[in-house]
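The primary structure of each chain is shown beneath.
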Amino acid sequence: MDIEREILSRIDDMSQDLVSLTKDLIKIECIVTPGSSNSEYTEIVKFLEGKYRSIGLEVKLVSASKEKASEINYAHPRHNILGLLKGIDGNPMLEIFAHLDTVNVGDAHLWKTEPFNPVEQEGRIYGLGVIDARCSLAAAFYATKAIVDAGVKLKGNLLLAGAVDDEVGSDPLSWPGTPYLVEEGHELSGWGLPDMVINAEASGLDTIWGAFTGRLIFEVEIEGKRAHAGTPHGVNA
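Residues numbered from 1 in each chain as written. Predicted model: local features only at pLDDT ≥ 70, side-chain atom pairs only at ≥ 80, totals over all residues. Heavy atoms only, no water.

(A) Just the packing of aromatic side chains, in detail. On inspection of all chains with the given rule, the structure shows one aromatic pair. Taking the centre distance of 5.0 Å and the plane angle of 85° together, the rings of Phe 141 and Tyr 142 count as edge-to-face. There is no split in this pair, since Phe 141 and Tyr 142 are both buried. (Phe/Tyr/Trp six-rings, centres within 6.5 Å; stacked < 30°, edge-to-face > 60°. Buried < 20%, exposed > 50% of the residue type's maximum accessible area, 1.4 Å probe, protein only.)

(B) Region of the structure containing the pattern of salt bridges. Per the counting criterion, the structure on display carries eight salt bridges. Here Lys 23 makes a salt bridge to Glu 120, at a shortest N to O gap of 3.1 Å. Of the two residues, Lys 23 sits in helix α2 (residues 15-26) while Glu 120 sits in strand β4 (residues 119-121), which places them 97 residues apart along the sequence. Taking the relative accessible area as the measure of exposure, Glu 120 reaches 42% and is therefore partly exposed. For Asp 165, the salt bridge identified is with Arg 78, shortest N-O distance 2.7 Å. Taken as a pair, Asp 165 in the loop between β6 (157-163) and α6 (178-188) and Arg 78 in the loop between α4 (66-70) and β2 (79-85) lie far apart in primary sequence, 87 residues in all. The burial state of Asp 165 is the same as that of Arg 78; both residues are buried. (Salt bridge = Lys/Arg side-chain N within 4 Å of Asp/Glu carboxyl O. Helix = DSSP H or I, 4+ residues; strand = E, 2+ residues; numbered from the N terminus.)

(C) Molecular detail of the sheet that holds β2. In spatial order, the strands read β1-β2-β6-β3-β7; together these five strands make up an open sheet with mixed pairing. The two strands at the open ends of the sheet, each matched to only one other strand, are β1 (58-63) and β7 (196-199). Adjacent strand axes in the sheet meet at a mean angle of 20° when their direction is disregarded. With six bridges joining them, β1 and β2 adopt antiparallel strand pairing. (Pairing = 2+ DSSP bridges. Axes fitted to C-alpha atoms, helices over the stretch in contact; angles between N-to-C directions.)

(D) The environment of Trp 191, seen in detail. Relative to the helices and strands, Trp 191 resides in the loop between α6 and β7. Counting along the chain gives 158 residues from Trp 191 to Thr 33, while the straight-line C-alpha distance between them is 30 Å. Setting aside residues up to four positions removed in sequence, Trp 191 forms contacts with Glu 58, Val 59, Lys 60, Leu 82, Leu 84, Met 93, Leu 159 and His 186. (Contact = heavy atoms within 4.5 Å.)

(E) Expanded view of helix α5 (residues 130-149). Every buried residue belonging to α5 is among Val 130, Ala 133, Arg 134, Ser 136, Leu 137, Ala 138, Ala 140, Phe 141, Tyr 142, Thr 144, Ala 146 and Ile 147, and all of these are buried. Looking one or two places after α5, you find Gly 151, whose phi comes out positive at around 75°.

(F) A look at the packing of α2 against helix α3 (residues 42-54). Between α2 and α3, the least distance of the axes is 11 Å, while the angle of their chain directions is 155°. As far as their axial angle goes, α3 and α2 are roughly antiparallel. Between α2 and α3, the contacting residues are Leu 21, Asp 24 and Leu 25 on the first element and Ile 44, Phe 47, Leu 48 and Lys 51 on the second. (Parallel < 35°, antiparallel > 145°, perpendicular 65-115°, else oblique.)

(G) Quick look at α2. Between its terminal C-alpha atoms α2 stretches 17 Å, which fits the 16 Å expected from twelve residues at 1.5 Å a residue. Those residues of α2 not exposed but buried are Val 19, Leu 21, Thr 22, Leu 25 and Ile 26. Along the long axis of α2, the arc covered by the buried residues comes to 165°, so they all point the same way. Buried residues in α2 make contact with α3, β4, β5 (124-126) and α5. (Expected span 1.5 Å × (residues − 1). Arc of directions from axis to C-beta.)

(H) A look at the packing of helix α1 (residues 3-13) against α5. One way to put it is that α1 packs onto α5 with a least axis distance of 9 Å and a crossing angle of 125°. In this view, α1 runs oblique relative to α5, as classed from their interaxial angle. Here α1 and α5 pass one another in a crossing that is right-handed. The segment α1 lies against α5, with Ile 7, Arg 10 and Ile 11 engaging Tyr 142, Ala 143, Ala 146, Ile 147 and Asp 149. Residue composition of the contact of α1 with α5, grouped by class: six nonpolar, no polar and two charged. (Left-handed = near helix turned anticlockwise from the far one by under 90°. Nonpolar A, V, L, I, M, F, W, Y, C, P; charged D, E, K, R; others polar.)

(I) Region of the structure containing the nonpolar core. If you look at the biggest cluster of nonpolar residues, it comprises 36 residues, and the most contacted ones within it are Tyr 41, Ile 44, Leu 48, Tyr 52 and Leu 100. Of all the elements in the fold, those that place two or more residues in this core are α2, α3, β2, β3 (93-99), α5 and β6. Per element, the largest residue contribution to this core is eight residues, and it comes from α5. Non-local contacts of Leu 100, meaning those with residues more than four positions away in its chain, are made with Cys 30, Tyr 41, Ile 44, Val 45, Leu 48, His 79, Ile 81, Arg 134, Leu 137, Gly 162, Ala 163 and Val 164. One finds Ala 64, Phe 97, Leu 181 and Trp 191 within the second-largest nonpolar core, a separate group that totals twelve residues. (Core = buried A, V, L, I, M, F, W, Y, C linked by side-chain atoms within 4.5 Å.)

(J) Broad picture of the environment of Val 45. Mapped onto the secondary structure, Val 45 falls in helix α3. Note on Val 45: relative accessible area 5%, which makes it buried. The contact partners of Val 45, leaving out residues within four places of it in the chain, are Leu 61, His 79, Ile 81 and Leu 100.

This is the structure:
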């Protein structure tokens, strides 16, 4: 059996474990709102740290500065979790990325199941954040575990990343999660920026996209003097 088939076979054998881990992650509440404390991430970060270390990954918790967190009125620290499987040469480095937080429950009366008590029905899991992005965190872990268990020695590094504050909905991109990791966090971790990234957030189980929609935020300064339209003292830009 070649290496690829060996790894895929191990993943198939662990399919129920993957489901169980996804359900365990759903049970961990991690809903973030402006002004909230940093305690929302404590449980899920500690849980993932234990899982990562159990398969021999080196783990680092990376948090943006108090100033960065304060921009959106959040407490500090806000730990992004990184788990590294070292390769023989150390490069290139591939990162598998997912976020730790979820949206809120919404109208609880519309739920047919308990948001934090996941259930399986007809081959599906129902619970808050199951597809965005608890299943992604679980899948990244078991993909890595299959490589480790198969005794495969990668040439480059494999990095698992769990980022904070994806669902905060604030602009510009100032929250202490992914933008911070790109701008500072990866370099400060000592492992550097990845050469390639898989965004593991599910966009349909039948499709793997080779690119991801981005956006550009910019500011335009216009000279003038603002005023209400009914007043004479403004200066039209």
